[in-house]
Amino acid sequence: WEAGYFLAEFFLCHPEIIRNKRVLELGAGVGLTGLVCAGSPTLRCPSVHMTDYTPETIANMKHNVLINSEWLGEVNNKDSC
């Protein structure tokens, strides 16, 4: 999960690498990197798909998406996205 944090930070520091790209995150864990890709107006990723293996991990990831859905909706409804 530390890797997800650093990958998200890397993308935010170098948005040109991923800007306007569709994202598939394998082994997303808590979903931090995918949430950053989906929610950052700097990255502007039009599509983000997150996967993982265990039902518990997927349930946790869905919970994290749900509790951030208002923020994701606000970001994705702005003209800059």
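What you see is a predicted model; the values in this text were computed from it and never measured.

### What to know about the overall build of the protein
Part 1 of the argument: Summing up its helical and strand segments, the protein has four helices and two strands in all.
Part 2 of the argument: Traced from its N-terminal end to its C-terminal end, the protein shows the element sequence α-β-α-β-α-α.
Part 3 of the argument: For the protein, the C-alpha radius of gyration of 12 Å lies close to 12 Å, the compact-globule estimate for 81 residues.
Part 4 of the argument: Structurally, the protein occupies a C-alpha span of about 35 × 25 × 20 Å along its principal axes.
Part 5 of the argument: A burial count over the protein gives 31% of its 81 residues as buried.
Part 6 of the argument: Contacts in the protein between residues at least 24 apart in sequence constitute 68% of all its contacts with a sequence separation of at least 6.

### A short note on the side chain of Ser 47
Part 1 of the argument: In this fold, Ser 47 is placed in the loop between α2 (32-39) and β2 (48-50).
Part 2 of the argument: A polar atom in the side chain of Ser 47 sits 3.2 Å from the side chain of His 49.

### Focus: unusual backbone geometry
Part 1 of the argument: Even without a glycine there, the phi angle at Asn 20 is positive, about 65 degrees.
Part 2 of the argument: Tracing the backbone through its elements, the reader meets Asn 20 in the loop between α1 (2-13) and β1 (23-25).

### Section: the packing of aromatic side chains
Part 1 of the argument: Applying the stated criterion across every chain yields a total of two aromatic pairs.
Part 2 of the argument: Centre to centre, the rings of Tyr 5 and Phe 6 are 5.1 Å apart; their planes meet at 75 degrees, and the pair counts as edge-to-face.
Part 3 of the argument: With a centroid separation of 6.3 Å and an interplanar angle of 55 degrees, the aromatic rings of Phe 10 and Phe 11 are classed as tilted.
Part 4 of the argument: Its relative accessible area of 13% is what places Phe 11 among the buried residues.

Rules and cut-offs
- Residues numbered from 1 in each chain as written.
- Predicted model: local features only at pLDDT ≥ 70, side-chain atom pairs only at ≥ 80, totals over all residues.
- Heavy atoms only, no water.
- Helix = DSSP H or I, 4+ residues; strand = E, 2+ residues; numbered from the N terminus.
- Rg over C-alpha atoms; globule rule 2.2 N^0.38 Å.
- Buried < 20%, exposed > 50% of the residue type's maximum accessible area, 1.4 Å probe, protein only.
- Contact = heavy atoms within 4.5 Å.
- Polar contact = N/O pair within 3.5 Å; in protein donor to acceptor, adjacent residues only side chain to side chain.
- Phe/Tyr/Trp six-rings, centres within 6.5 Å; stacked < 30°, edge-to-face > 60°.

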